[in-house]
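# Observations on chain architecture
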Amino acid sequence: MDAAIDGNAHVHVNTDIGIDTDTDVDVDVDVDVDVDVIVVGAGPTGLMLGAELALGGVRVQILERRTEAQRQSRALTLHPRSVELMDQRGLVQRFLARGRAVPGWHFAGLDTRLDFSALDTRHGYTLFLAQARTEQLLAERAHALDVPIRRGYEVVGLRQDDGSDSGRGSGDGRGGRTDPGRVEVDVRGPGGDLRTVRARYVVGCDGGRSAVRRAAGIEFPGTDETLTGALGDFAVVDPAALDRARAHGVLIAPLEPEPEDERTDGGPAEGRPGGLTRIVLVDPRRMRTPAAEPLTLEEFRTSLADICGTDCGVAQPRWLSRFGNATRLAARYRAGRVLLAGDAAHIHFPAAGQGLNTGLQDAMNLGWKLAAEINGWAPPGLLDSYHAERHPIGQAVTENTEVQTLLMELTLLPPYQRPAAALRQLLTELLGIEEVNRRLAGRISALDTAYPPTAADADPLVGRRMPDVALTAANSAAGRAHELLPPGRFVLLDLAGDEELRRTVTTGWGPRVTALTVTRHEHRTDLDGVREILIRPDGHIAWATRTPALPARRIERHRALTDWAGRPARR
């Protein structure tokens, strides 16, 4: 269980916690009837994807069923890889200014913490940041890129035709366009009127009950809810009782303070002016209560008292909710011209706070690939690689959350409490081994994400994250690798000095690839002998070579650029 609730929680108390999220409300603006991509859902995944598509030059609009931005924060964390993504788009300082860094994290609530600070990243921490604030910052990003966010529009059906798209690219490979297929989307507007809008592709980022997924006929296999937890965001708590609650396995998390003019309580929560406190628990007596059943303040107080002997003085709840452990993974992330990302593709118990982060990383993987397909230069199979790369990640996340949930649930069941306690103690000791801790920390943080190479003779770097090495590159002001990625293009780094590099790449792939000669870079053993590196727009390594002979290296480079960035322009 995690203080960051990023699953399909059910809202039963709906009041503002003081975050202004109205920057993206376009309720009275009519939808565009014909665009390249419709993104359904204006949560973190949809907002991130919309911005990535716009960065790739795609005409995109986001449709959201809700008429207002979500004010409650299901999730509270951005893990290291997600913070890296913000860094790679030049956004990280905005997020750091609003969040709080936490170097340690947990797996299944075990006593030994995961040490993110020991990982190979400049961002070795979890950023504690309310989801509502994350959505606000991403909405600002979308607006800066002129992405329309249309609120009050609910998708009620869709139809698609294949056109010329067989999943192998819809253009001529050089930036031209052929006659594409279309998806027709039926939407109900704010006034209840029905209309049809069209797009070349539709992406469902509309949560676990995704209307897009159902309309596309994509199966969502998995397991139903068998266990539920409860959370409450409170304006009033007894700070002296919180340590006692923590000692009994109750999770306590401070939230952002409310503006002074919106406070209605008689005192601060946990001693912070205007602060809210989130309390998360699993009550053995009530853990089979369906998540859809309303949660009351009195029940929450009773659960706290039963678990830790005090109700912690909770009062004036801003949000009360149950959440369950239903775990499902879409059978496929693409069905023709319809794709899925985020909770529409995977749901699970919010163990270790991975759901929102996985969705952001889905969006980063998909955005540039879909833009390439629409702009006509995608090489064969590029768009299909979205499922091939991200579906295994979704499966790994759903599996590790099931493991964590089981480790927690067994301790609540009398027949298993003794062996479960022994098992947890054993795992706690194992996490004290540096390599074990690093391995699991890499998995939860998503820093160990490495996509399988497509070539049998690929360099060991291929598929891994590009390390954010300090560097000096000709004709660039960037001082480190991630500072080269905000434009959302491929970056080709020449570490060996080919005087023909920029001319060759600019002539053939200029709008898609930035080529730079690196004159100096931070030493790393994994870069020993590397002559050139091609970095994907999402920060993973597409190709690397250690071939010393320049003529052979040029042949490899041409093949790699063609395989990833499409055929070169005609000369």
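Our subject is the structure listed above.
A few points on the structure. (Residues numbered from 1 in each chain as written. Predicted model: local features only at pLDDT ≥ 70, side-chain atom pairs only at ≥ 80, totals over all residues. Heavy atoms only, no water.)

## What about the overall build of the protein chain?
Rules: The helix count covers DSSP runs of H or I at least four residues long, the strand count covers runs of E at least two residues long, and both are numbered beginning at the N terminus. Three labels apply to residues, based on accessible area from a 1.4 Å probe with only protein chains included: buried if under 20% of the type maximum, exposed if over 50%, partly exposed otherwise in between. Contacts between residues were defined by any pair of non-hydrogen atoms, one from each residue, lying within 4.5 Å. The Shrake-Rupley method, run with a 1.4 Å probe, gives the accessible areas here. Residue values count only the displayed protein chains as cover.
Looking only at helices and strands, the protein chain features 13 helices and 26 strands. Among the 571 residues that make up the protein chain, the fraction classed as buried is 59%. Across the protein chain, contacts joining residues at least 24 apart in sequence account for 76% of those joining residues at least 6 apart. When the accessible surface of the protein chain is totalled, it reaches about 21900 Å², and 51% of it is carbon and sulfur.

## A few points about the pairing of strand E26 (residues 541-545)
Here is the rule we go by: Two strands are counted as paired when DSSP detects at least two bridges linking them.
Burial within E26 is extensive, with 5 of its 5 residues counted as buried. Note: strand E25 (residues 532-535) against E26, 4 bridges, orientation antiparallel. The residue bridging Ile533 from the neighbouring strand is Ala544, located in E26. Once E25 ends, the chain turns through 5 residues before running back antiparallel as E26, passing Gly539 with a positive phi of about 90 degrees.

## Some remarks on the sheet that holds strand E18 (residues 327-329)
Hydrogen bonding along the main chain pairs the strands of a sheet, whether they run parallel or antiparallel. If you walk across this open sheet you meet the 3 strands as E13-E18-E21, and the pairing is antiparallel. Of all the strands in the sheet, the pair left with one neighbour each is strand E13 (222-223) and strand E21 (346-347). Both E13 and E18 contribute to a ladder of 2 bridges, which runs antiparallel. Looking at E18, one finds that Thr223 is bridged to Thr327.

## Describing the nonpolar core
Selection rule: Grouping buried Ala, Val, Leu, Ile, Met, Phe, Trp, Tyr and Cys residues that are joined through side-chain atoms within 4.5 Å yields what is termed a nonpolar core.
Judged by nonpolar contacts, the single largest core of 70 residues is most densely connected at Val37, Ile38, Phe95, Val185, Val203 and Leu370. Sort the elements by how many residues they give to this core and helix H8 (residues 355-375) lands first, with 8 residues. Setting aside residues up to four positions removed in sequence, Val203 forms contacts with Val37, Ile38, Val39, Val40, Leu49, Leu339, Leu340, Ala341, Leu366 and Leu370.

## Focus: the pattern of salt bridges
Put simply, the rule reads: What makes a salt bridge here is a side-chain nitrogen of Lys or Arg within 4 Å of a carboxyl oxygen of Asp or Glu, nothing more.
The final tally for this structure, using the stated rule, is 43 salt bridges. The residue Arg524 makes a salt bridge to Asp120 at a minimum N-O spacing of 2.7 Å. One end of the pair, Arg524, is in the loop between strand E24 (513-521) and E25; the other, Asp120, is in the loop between strand E7 (114-115) and strand E8 (126-128), with 404 residues separating them in the sequence. The class for Asp120 is partly exposed, based on a relative accessible area of 45%. Overlapping salt bridges bring together Asp498, Glu499, Glu532, Arg553, Arg554 and Arg557 as one network.

## A look at the sheet that holds strand E23 (residues 490-494)
Here is the rule: For helices, the axis comes from a line fit to the C-alpha atoms of the stretch in contact; other axes are also lines fit to C-alpha atoms, and the angle between any two N-to-C directions lies between 0 and 180 degrees.
Here we have 5 strands laid out as an open sheet, ordered E22-E24-E23-E25-E26, and mixed in their pairing. In this open sheet, the two edge strands, each paired with only one partner strand, are strand E22 (471-473) and E26. Shown here is a sheet whose adjacent strand axes are inclined to one another by a mean of 25 degrees, direction ignored. Where E23 meets E24, 5 bridges bridge the pair, whose relative direction is parallel. The partner of Phe490 across the bridge, within E24, is Val513. Contacting E23, E24, E25 and E26, helix H13 (residues 550-565) crosses the sheet at an angle of about 170 degrees to E26.

## A word on the packing of helix H2 (residues 80-88) against H8
Condition: Oblique is the label for any angle not under 35 degrees, not over 145, and not in the 65 to 115 range, which are roughly parallel, roughly antiparallel and roughly perpendicular in turn. In this scheme, a crossing is called left-handed if the near helix is turned counterclockwise away from the far one by less than a right angle; it is called right-handed if the turn is clockwise. For this classification, Asp, Glu, Lys and Arg are treated as charged, while Ala, Val, Leu, Ile, Met, Phe, Trp, Tyr, Cys and Pro are nonpolar and the rest, including Gly, are polar.
Here H2 crosses H8 at 40 degrees, and the two axes come no closer than 9 Å. As the angle between them shows, H2 and H8 are arranged oblique. Of the two possible hands of crossing, H2 and H8 adopt the one that is left-handed. Residue-level inspection shows Arg81, Ser82, Leu85, Met86 and Gln88 of H2 in contact with H8, the latter providing Asn357, Leu360, Gln361 and Met364. Broken down by class, the residue content of the contact of H2 with H8 amounts to 4 nonpolar, 4 polar and 1 charged.

## Here we look at the environment of Leu55
Mapped onto the secondary structure, Leu55 falls in helix H1 (residues 44-55). Residue class for Leu55 comes out partly exposed when judged on its relative accessible area of 25%. Ignoring anything within four residues of it in the chain, the contact list for Leu55 reads Arg89, Arg141, Leu145, Pro486, Pro487 and Gly488.

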